Structures are given as structure tokens and as C-alpha cells.
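What follows is the residue order along each chain.
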Amino acid sequence: MKRSVAARVTGESDTGRAPRIGRSVRLIVTVALAAGFPLTVTPAPAPAFAHGATHSITPTAGAALAKAPQRVEVVFAAEITSDSSVTVTDHTGTDWAGGRPVVHGATLRHQVRADMPDGWYEISWRATFTDGHPVTGTAEFTVGAEAAAAAAANPFRARLTHGGVVALYAASGVAVIALLLAIMTLSRGVYAANKRTDADDGSTL
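In this text, all values refer to a predicted model and were calculated from it rather than measured experimentally. (Residues numbered from 1 in each chain as written. Predicted model: local features only at pLDDT ≥ 70, side-chain atom pairs only at ≥ 80, totals over all residues. Heavy atoms only, no water.)

Section: the overall build of the chain
Point 1. The secondary structure content of the chain amounts to five helices and eight strands.
Point 2. Moving toward the C terminus, one meets the helices and strands of the chain in the order α-α-β-β-β-β-β-β-β-β-α-α-α.
Point 3. For the chain, with 205 residues in total, the buried portion stands at 29%.
Point 4. Across the chain, every contact between residues at least 6 apart in sequence was considered, and the portion connecting residues at least 24 apart equals 62%. (Helix = DSSP H or I, 4+ residues; strand = E, 2+ residues; numbered from the N terminus. Buried < 20%, exposed > 50% of the residue type's maximum accessible area, 1.4 Å probe, protein only. Contact = heavy atoms within 4.5 Å.)

Below you can see the structure in the form of C-alpha cells.
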């Protein structure tokens, strides 16, 4: 008789424990998705569609140049304001744009420093259209045959900038901490459920 009662109590405890474990598992999945979502999804800004984004970029995206350009230029589909800006950074995050940007109508232009070495570069711009809508974007190019060959052989390595490394490590740290917290929550729930089960078994017996 005692054995059957204990079995019934244990069965009821398992039934109550299952939803709690299920909720904990869903919590882990939710936290993991929340941590990874910003890394995998980058929605395009609405103004880019509204204004047609850029009309042209110099150097063109993916260009392999024999020597460094004298300037970079981004032409938009509509006029932009004078507070627009552009940078030309290498894989270490160093900005090789010299002086101040020049805005003329829909054109954003910036001189490049004369001592720019061979390597991989990223043009990054942030502009505001005259109607107040902002737009951002990037384009990559290489200078020198060796840099072009390295980018073609391993595009990921060429695009791994200093800022990208910092962001990757930061996001990975957040994801790991979130996962550990979720596991701790699940463990506490299972431990508490086991303690209640043991207490119920003792009182029944």
C-alpha cells in the first residue's frame, strides 16, 4: 500500500515537474535566440529604399586597385546635408581619410591620405538627406596585388576588422553569460522539484 501511494505521489511530481523543465528549456532557447539575433540579422534602413540609397561609389565596391586612390566619393540619389561623413578604414580600424569631407548636392567626397599603404579597406558613410532621413552604408576595396589575392583567397580574413573582432568577442561573451544563467535557472528548478518530491515521499511514508 505504501509503495503504491509513493508511486502515485512520484508520478504526480513528475507531471508537475515536466512543465517547469519545459519552461526552462524554452527560456534557454529564447535567451540564445535573443543573444544571437543581432549578429545574424541586419535590417536595411527604410530611407535606403525610399531614396534609392547610393547612385555610385568610387572606388567601386570590391575594386582591386593597383595603387591607392586620391579620394573616395559616394553619390546618392538625392541631395544630402553638410553634416554627412565618410571614413576609409583598414583592418586595424585606422581611418585613412584626410581633412574634412566635402558635400556638393548629392555627392559626398573625401580626400585620402597620400601615405596609404597596400591592403584591404572599407569605405563607410553616414549621410542625411535634406528631408531629414539618414542613410548609412559600406563598400570594400583593396590596394595592391597581394591584398587583392588575399581577399580573393579568404574574404572573411580580409573583412575581419579590429572593430569587428571587438564586436564578435563582446557578443560571444553576452551569449555565454546568458546561456550560463539559463542553465543555472534550469538546475535550480530541477533541484527544487526533486526536494519537493523527496519531501512528499517522506511524509507519505
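Read on for the rest.
Focus on a nonpolar patch on the surface
Point 1. The grouping of V176, L179, L180 and I183 at the surface amounts to a nonpolar patch, some 340 Å² of accessible area in total.
Point 2. Checked against the element boundaries, L180 lands in helix α5 (residues 162-204). (Patch = residues over 30% accessible without salt bridge, like charges linked within 9 Å, V, L, I, M, F, W, Y side chains within 5 Å. Areas by Shrake-Rupley, 256 points an atom, 1.4 Å probe, with all protein chains shown as cover. Salt bridge = Lys/Arg side-chain N within 4 Å of Asp/Glu carboxyl O.)

Re the pattern of salt bridges
Point 1. Going through the model one piece at a time under the given rule, you end up with two salt bridges.
Point 2. Among the salt bridges present, the one from E73 reaches R109, with a minimum N-O distance of 2.7 Å. Here E73, found in strand β3 (residues 71-76), pairs with R109, found in strand β6 (residues 107-111); they are 36 residues apart in sequence, far enough to count as distant.
Point 3. For R109, a relative accessible area of 26% puts it in the partly exposed group.

A word on the packing of aromatic side chains
How two aromatic rings sit relative to each other is given by the distance of their centres and the angle of their planes.
Point 1. Enumeration over the complete set of coordinates arrives at two aromatic pairs.
Point 2. For the ring pair F76 and F129, a centre distance of 6.0 Å and an interplane angle of 85° mean the geometry is edge-to-face. Separated by 53 residues along the polypeptide, F76 in strand β3 and F129 in the loop between β7 (119-128) and β8 (134-143) bring together distant segments of the chain.
Point 3. Taken together, a centroid distance of 5.6 Å and an interplanar angle of 20° make the contact between Y121 and F141 stacked. Of this pair, Y121 sits in strand β7 while F141 sits in strand β8, and the two are 20 residues apart along the sequence. (Phe/Tyr/Trp six-rings, centres within 6.5 Å; stacked < 30°, edge-to-face > 60°.)

Some points on the pairing of β3
Point 1. With respect to burial, β3 is a largely interior element, five of its six residues being buried.
Point 2. Relative to β3, strand β1 (residues 54-58) is paired through four bridges, and the arrangement is antiparallel. In the sheet register, S56 faces β3, and the bridge partner there is V75.
Point 3. The pairing of β3 with β6 spans five bridges and is antiparallel. Within β6, the position partnered with V74 by the bridge is L108. (Pairing = 2+ DSSP bridges.)

Notes on unusual backbone geometry
Point 1. A cis amide bond links T58 to the next residue, P59, at an omega of 0°.
Point 2. Position of P59 among the secondary structure elements: in the loop between β1 and β2 (63-65).

Section: the sheet that holds β8
Point 1. Here four strands make up an open sheet; going across it, the order is β2-β8-β7-β4 and the pairing mixed. For this open sheet the edge positions go to β2 and β4 (85-89), each flanked by a neighbour on one side alone. Strand-to-strand twist across the sheet, computed as the mean angle between neighbouring axes with direction ignored, equals 25°.
Point 2. Relative to β7, β4 runs antiparallel, the two sharing five bridges. Opposite V86, over in β7, you have W125 as the bridge partner.
Point 3. Seen against the sheet, helix α3 (residues 145-153) touches β2, β7 and β8 and runs at an angle of roughly 115° to β8. (Axes fitted to C-alpha atoms, helices over the stretch in contact; angles between N-to-C directions.)

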